[in-house]
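An overview of the molecular structure
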Amino acid sequence: MKRDFCSKKIFNTKRVLSIILAAAFFMSPVCYKENAIVARAGEGVTKKVEIPVSKPVISEVRNDYKGLFISWKESEGAAGYRLFRRLKTKSPWELIADVPADTHEYIDKDAMKEGGIYTYMVQAYNGDKVSEESAPKTITRFPLTKVRLNVKYAQKSARTMQKMINDFRLGSENWVWNATNTQQVRVQGLTKLAYDYNLEKIAMTRAAEVAVKFGHERPNGSDCFSAFSEAGYKYTYAGENIAYGFKTAKKAFEAFKETNEKYAKQGHRRNMLSTNYNVCAIGHAKVNGVHYWVQLFAYTEDDSDYTKTISKVKKTSIYIASDDVSSYKKTLDALGAKLKDYAPGKVTWNDAVADKRKAVLYYNKSIGASGYEIYRSTRKKNGFKKVATIKGQFKLKYTDKKLSRKKKYYYYIVPFRIAHDDKVYGKKSEIKMIKTG
């Protein structure tokens, strides 16, 4: 993270080591035009205007627990969108989805290859009219592991910080150093920040995440503001301050103020005194006896409804890049965390044919799999043993040889994928019976 957007300070308050960081972010608002499909050609006469289908723009591609998430902006005149994918530059585009005009996002659940490089392209269409291809977007797939842990939230104390922030913004201390540290400049045009209960949910998520990985990069490898988009939160500006080690809201707030710091180390202060925001929310979590605080700020046009405070232990899910799980092992073990990886889809049968001493099994591709395990028994309900491991998602045929003649055999197939060097299994297929000749 660049120094312009992040500052770091180590405090020693009653022998408690506390660290705070700040970040700010800007995103331009996006405006959409409504399409006019009828225009006057003369008095009492109407004429249909042929509107070309505009070129789509992919706005985001990111790693998600269930696959790769792709979103795009609305195209003028579109009746639907086709999403294409390829794994190599010289490979032809593969159509993976065809969605209606009101859909602008898709999760590619078949993109589970750890370290795989996937490129996406979108085309809009309306009947026979097809838009230009969007600019392609490429991303490296890093599967995520779901981590379930117990977090003690104390949102009643967290919400008291809203008044502290607003009193600070409207009081006599609302000054910051200029860039040369020669003058304390009062910030003009400040107003009170409303408390945003939708934003608070994101702050609580971030409080749990910083207990595992303290910083503005989330455990899943993305920046802190991806938590906004994942929650569907609409904003123009956003900012985040984080801290740990302060037992009370007041002590955390005083640290965020950075009163005795110069310009370079007043990033949190400038966040709290920014005119860019109209709402705020605070997350507070206690994990392994340590207090974690998250201040979130935003400018939004969406209202939120009051929610009750949470002051109890709550099971919370966070997501960690699968290849990083081992890095957090000590922390996760101390938190009693339970890990779960996204499983590939169930295998369905295509066909199975038998000869005198062999059986040939045909099955359909499992979404998200990297291979298959074949199990066989001479009894329908038990006695199954693994007879083969198929490495490769597209190897959809298996020949089982050296069988006995005139005998019934039963098979099922279990798909798997690899995550942090372990196999993650999907549900087994239905049992298929064949009889040799």
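The structure we're discussing is the one just above.
Rules used throughout
- Residues numbered from 1 in each chain as written.
- Predicted model: local features only at pLDDT ≥ 70, side-chain atom pairs only at ≥ 80, totals over all residues.
- Heavy atoms only, no water.
- Helix = DSSP H or I, 4+ residues; strand = E, 2+ residues; numbered from the N terminus.
- Buried < 20%, exposed > 50% of the residue type's maximum accessible area, 1.4 Å probe, protein only.
- Contact = heavy atoms within 4.5 Å.
- Areas by Shrake-Rupley, 256 points an atom, 1.4 Å probe, with all protein chains shown as cover.
- Axes fitted to C-alpha atoms, helices over the stretch in contact; angles between N-to-C directions.
- Left-handed = near helix turned anticlockwise from the far one by under 90°.
- Nonpolar A, V, L, I, M, F, W, Y, C, P; charged D, E, K, R; others polar.
- Pairing = 2+ DSSP bridges.
- Core = buried A, V, L, I, M, F, W, Y, C linked by side-chain atoms within 4.5 Å.
- Polar contact = N/O pair within 3.5 Å; in protein donor to acceptor, adjacent residues only side chain to side chain.
- Phe/Tyr/Trp six-rings, centres within 6.5 Å; stacked < 30°, edge-to-face > 60°.
- Lys NZ or Arg CZ within 6 Å of the ring centre and 35° of its normal.

Quick look at the overall build of the chain now. Looking only at helices and strands, one finds seven helices and 29 strands in the chain. For the chain, the residues scored as buried account for 46% of the 437 residues in total. Of all intrachain contacts in the chain linking residues separated by at least 6 positions in sequence, the fraction that spans at least 24 positions is 69%. Roughly 23700 Å² of accessible area belongs to the chain as shown, and the carbon and sulfur atoms make up 50% of that amount.

Attention shifts here to the packing of helix H2 (residues 161-170) against helix H5 (residues 249-257). Interhelical geometry of H2 versus H5 gives an angle of 35° and a closest axis separation of 10 Å. The element H2 and its partner H5 pack so that their crossing is right-handed. For the pair formed by H2 and H5, the contact residues are Met161, Met164, Ile165 and Phe168 on the first element and Ala249, Lys250, Ala252, Phe253, Phe256 and Lys257 on the second. Among the residues making up the contact of H2 with H5, the classes are represented as eight nonpolar, no polar and two charged.

What the three strands build is an open sheet, ordered S22-S23-S26; its pairing is antiparallel. In this open sheet, the two strands that pair with only one neighbour each are strand S22 (349-354) and strand S26 (397-400). Direction aside, the axes of adjacent strands within the sheet are offset by 15° on average. Summarising the sheet, S22 and strand S23 (residues 359-363) pair through five bridges and their orientation is antiparallel. For Ala354, the partnering residue across the bridge sits in S23 and is Ala359.

Time to look at the nonpolar core. Met161, Ile165, Leu199, Phe228 and Trp293 are the most contacted members of the largest nonpolar core, which totals 61 residues. No other element matches helix H3 (residues 197-212), which puts 10 residues into this core. In this structure Phe228 touches Leu199, Ile202, Tyr233, Tyr235, Ala238, Leu296 and Phe297, once residues within four positions along its chain are discounted.

The next thing to look at is the side chain of Asn174. Looking at the secondary structure, you find Asn174 in the loop between H2 and strand S14 (175-177). For Asn174, the side chain forms a polar contact with the main-chain oxygen of Arg169, separated by 2.9 Å. With near-sequence residues (within four places) excluded, Asn174 lies in contact with Phe168, Arg169, Val185, Arg186, Val187, Leu190 and Leu273.

Quick look at the packing of aromatic side chains now. Following the criterion strictly, the structure yields 18 aromatic pairs and no others. Seen in terms of ring centroids, Phe225 and Phe228 are 5.7 Å apart; in terms of plane orientation they differ by 55°. Their pairing is tilted. For the pair Phe225 and Phe228, a shared accessibility class is recorded, and that class is buried. Of the aromatic side chains, those joined through ring pairs into one cluster are Phe225, Phe228, Tyr233 and Tyr235. The ring of Phe69 has Arg62 sitting right over it, with the charged end atom 4.1 Å from the ring centre. A cation over a ring is seen here: Arg269 above Trp175, with NZ or CZ 4.2 Å from the ring centre.

Interpretation note: all reported values are geometric properties and have no functional meaning in isolation.
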